[in-house]
Amino acid sequence: MYRVALIAGLVTALAGCSLGSTNLSSGFTEPDTTASVSPSSYLSSSKSVGLGGEPSTPRAAGVQVAMLDKAPSGTFEKAEPGVLASRDYSHTALNAEMARDIINAYRKKYGLKPLKLNPELTEAAKSHSSDLAKWDRISHYGSDGSNPWDRVKRTGYKARLTAENVGTGQVNFNEVMKGWEESPGHNKNLLTPDATNMGIALVQDPHTEFKSFWTLVLAAPM
């Protein structure tokens, strides 16, 4: 059971649909909204506190980490215990240039301009994947309450639009890309006409239920 999630417009609800006997896709989206998002589309966190640390950091029993969690209730999903235990992640890896080329080849089919890898957007993507791995969940809200716009802004990238796709549990990028293409909302983000830059990240933690945490951030500068 792997999952994908997207951000497109205002976050309103959690929806899920079956892609097969063991595959689920879920997303956070408002129907018919654009994948291009402006700062006013979100309630920005006035006090954002990063938790820091790597996802593989041992989780000591009894530590009151829940008190640090500022993600709004109902905005994230957890995996069922052991649901992905039989999948082989020993060769799971991300080649960012290859992922960019796959996305750009897909965009080219629709007459859209290619995206360039951007270090700030990659930083935003990696930060979110690390946070998702630490808390072993899928969401567009960070554990500090941040939304995608907040995370892009923190890197110093001055965006006029941004969009985010997230996936968990996929063994390789082709698998997560297939899920995004087959989901209308995720696909809309991939085909954002005005996007010019992208950042992508993968964080793995074998001690989690979701195992792999993928984040794609698309944007265009001011």
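Look up: the structure comes first, before these words.
Below or above, wherever it landed, is the structure these notes cover.

How each quantity is defined
Residues numbered from 1 in each chain as written. Predicted model: local features only at pLDDT ≥ 70, side-chain atom pairs only at ≥ 80, totals over all residues. Heavy atoms only, no water. Helix = DSSP H or I, 4+ residues; strand = E, 2+ residues; numbered from the N terminus. Buried < 20%, exposed > 50% of the residue type's maximum accessible area, 1.4 Å probe, protein only. Contact = heavy atoms within 4.5 Å. Areas by Shrake-Rupley, 256 points an atom, 1.4 Å probe, with all protein chains shown as cover. Axes fitted to C-alpha atoms, helices over the stretch in contact; angles between N-to-C directions. Parallel < 35°, antiparallel > 145°, perpendicular 65-115°, else oblique. Left-handed = near helix turned anticlockwise from the far one by under 90°. Nonpolar A, V, L, I, M, F, W, Y, C, P; charged D, E, K, R; others polar. Pairing = 2+ DSSP bridges. Core = buried A, V, L, I, M, F, W, Y, C linked by side-chain atoms within 4.5 Å.

1. Digging into the overall build of the protein
Turning to step 1, where the next piece is worked out: Helix and strand counts for the protein come out as five helices and nine strands.
Turning to step 2, where the next piece is worked out: Reading the secondary structure of the protein in the N-to-C direction produces β-β-β-β-α-β-α-β-α-β-α-α-β-β.
Turning to step 3, where the next piece is worked out: Taken across its 222 residues, the protein has 49% of its residues classed as buried.
Turning to step 4, where the next piece is worked out: Taking as baseline every contact in the protein between residues at least 6 positions apart, the subset at least 24 positions apart corresponds to 74%.
Turning to step 5, where the next piece is worked out: When the accessible surface of the protein is summed, it comes to about 10700 Å², and 55% of that surface belongs to carbon and sulfur atoms.

2. Thoughts on the packing of helix H1 (residues 96–108) against helix H4 (residues 173–182)
Turning to step 1, where the next piece is worked out: Running from amino to carboxyl end, H1 crosses H4 at an angle of 30°, the nearest separation of the two axes being 11 Å. Relative to H4, H1 is oriented roughly parallel. Crossing hand, H1 versus H4: right-handed. Counting all contacts with H1, which are made through Ala 99, Ile 102, Ile 103 and Tyr 106, the residues of H4 involved are Phe 173, Asn 174, Met 177 and Glu 181.
Turning to step 2, where the next piece is worked out: Looking at side-chain class alone, the contact of H1 with H4 contains six nonpolar, one polar and one charged residues.

3. Some remarks on the pairing of strand E8 (residues 197–204)
Turning to step 1, where the next piece is worked out: Burial of E8 is extensive: seven of the eight residues sit out of reach of the surface.
Turning to step 2, where the next piece is worked out: Pairing of strand E5 (residues 116–117) with E8, which is carried by two bridges, proceeds in the parallel orientation. Note on E8: the bridge partner recorded for Leu 117 is Met 198.
Turning to step 3, where the next piece is worked out: Sheet analysis places E8 next to strand E9 (residues 212–221), joined by eight bridges and oriented antiparallel.

4. Describing the nonpolar core
Turning to step 1, where the next piece is worked out: Counting 18 residues, the largest nonpolar core has Ile 103, Phe 173, Met 177, Trp 180 and Leu 216 as its most contacted members.
Turning to step 2, where the next piece is worked out: Taken together, the elements giving at least two residues each to this core come down to H1, H4, E8 and E9.
Turning to step 3, where the next piece is worked out: Per element, the largest residue contribution to this core is four residues, and it comes from H4.
Turning to step 4, where the next piece is worked out: Filtering out sequence-adjacent residues up to four positions away, Ile 103 remains in contact with Leu 115, Phe 173, Met 177, Met 198 and Leu 216.
Turning to step 5, where the next piece is worked out: With eleven residues, the next largest nonpolar core counts Leu 84, Ile 138, Val 171 and Phe 213 among its residues.

5. So, the pairing of E9
Turning to step 1, where the next piece is worked out: Here E9 lies mainly inside the structure; nine of its ten residues are buried.
Turning to step 2, where the next piece is worked out: Note that strand E7 (residues 159–168) and E9 share nine bridges and pair antiparallel. The residue of E9 that forms the bridge with Thr 162 is Ala 219.

6. Quick word on unusual backbone geometry
Turning to step 1, where the next piece is worked out: Positive phi, close to 50°, is recorded for Asp 136, a residue that is not glycine.
Turning to step 2, where the next piece is worked out: Located in the positive-phi region is Lys 211, a residue other than glycine, with phi close to 70°.
Turning to step 3, where the next piece is worked out: Within the fold, Lys 211 resides in the loop between E8 and E9.

All we've got here are geometric facts, nothing functional implied.
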